[in-house]
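Spelled out, the chains give:
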Amino acid sequence: MTDHPAAGEGPELFVGLVGATGTDMGKVERTLADAFDRVGYATVLLRVIDLLRVIPGFDFPDTPEDDRLTKAMDAGDRFRAAVERNDALALLAAARLAEGRHEVTGNAETPRRRTAYILRGLKRPEEIDTLRRIYGPNFLAIGAFEPRESRVRRLAEKIARSRQH
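Reference entry: report on the structure contained in this document. Quick caveat, the model's predicted, so the values are computed rather than measured.

Some thoughts on the environment of Glu29
- With respect to the helices and strands, the residue Glu29 is situated in helix H1 (residues 25-38).
- In this structure Glu29 comes out as buried when scored by relative accessible area, which is 11%.
- Spatially, the C-alpha atom of Glu29 lies 7.3 Å from that of Ile118, the residues being 89 residues apart in sequence.
- Among all residues touching Glu29, those that are not within four sequence positions of it are Leu17, Leu45, Ile118 and Arg120.
- A polar contact is formed between the side chain of Glu29 and the side chain of Arg120, at a distance of 3.4 Å.

Encoded structure:
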């Protein structure tokens, strides 16, 4: 008989979510967080593009949704170009996760016990490659697919809601 996984130590896990604009990544995120919770893992959610909001000149509006999406994509592209690295947002995410470790453990290098980090919004193959180099076998990339019609319908509904006064 084995003990419940939550009873023992567990490594940090890093999950990178990849999906086309309009894919219901929130559903994927919630499903993963619930699964991690069932095995005794805390979950830290991180929207990678939101890390740019604290960097002067790269912020973008919250609404309306179509403006937010366009400006967020533009900010990501401009940031990558400014630092001349296609993996710049992955490096920014890794730095933020290290800060979070430091806040909890007192040391950026000390892993958090039984914690799964879900990084939402990775867009470039270089980002995946960099995260694999940093976190090794503890990193998993998950691609979510949704038919184009569903994505367009979801985006249209979000845009319409965000433009209502």
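That covers the picture; the talk isn't over yet.
What about the nonpolar core?
- Ranked by internal contacts, the top residues of the largest apolar core, which has 24 residues, are Leu52, Leu97, Leu119, Tyr135 and Phe139.
- Taken together, the elements giving at least two residues each to this core come down to helix H2 (65-83), helix H3 (88-105), strand E3 (115-120) and helix H4 (125-135).
- It is H3 that provides the largest number of residues to this core, a total of six residues.
- When residues no more than four places from it in sequence are discounted, the contact partners of Leu52 are Phe58, Asp59, Ala75, Gly76, Phe79, Leu89 and Leu92.
- By size, the runner-up hydrophobic cluster in this structure holds eight residues, among which are Leu17, Phe36, Tyr41 and Ala116.

Looking at H4
- For H4, the complete set of buried residues consists of Glu127, Ile128, Thr130, Leu131 and Tyr135. Buried residues of H4 fall within an arc of 165 degrees about the axis and therefore sit on the same side. Exposed residues on H4 whose side chains face more than 90 degrees from its buried face are Pro125 and Arg133.
- In this fold, the buried residues of H4 make contact with strand E1 (13-19), H2, H3 and strand E4 (139-144).
- Residue Gly136 follows H4 closely and has a positive phi angle near 60 degrees.

Basis of the calculations
- Every chain's residues receive numbers from 1 upward, in the order its sequence appears when written.
- At least 70 in pLDDT is required for a residue's local features to be given in this predicted model, at least 80 for side-chain atom pairs to be given and counted, and no such filter applies to totals for whole chains, interfaces and linings, which use all residues.
- Side-chain calculation: all heavy atoms of the structure are included, whereas hydrogens and water are not.
- Only DSSP runs of H or I with at least four residues qualify as helices, and only runs of E with at least two residues qualify as strands; both kinds are numbered from the N terminus onward.
- Burial classes follow relative accessibility: with a 1.4 Å probe on protein chains only, a residue under 20% of its type's maximum area counts as buried, one over 50% as exposed, and anything between as partly exposed.
- In what follows, a contact means two residues having at least one pair of non-hydrogen atoms within 4.5 Å.
- Pairing of N or O atoms within 3.5 Å defines a polar contact, subject to two protein rules: one partner must be a possible hydrogen donor and the other a possible acceptor, and residues neighboring in sequence count only if both atoms are side-chain atoms.
- As used in this record, nonpolar core signifies buried Ala, Val, Leu, Ile, Met, Phe, Trp, Tyr and Cys residues forming a set joined through side-chain atoms within 4.5 Å.
- Throughout, the arc means the angular range of directions from the helix axis out to the C-beta atoms.

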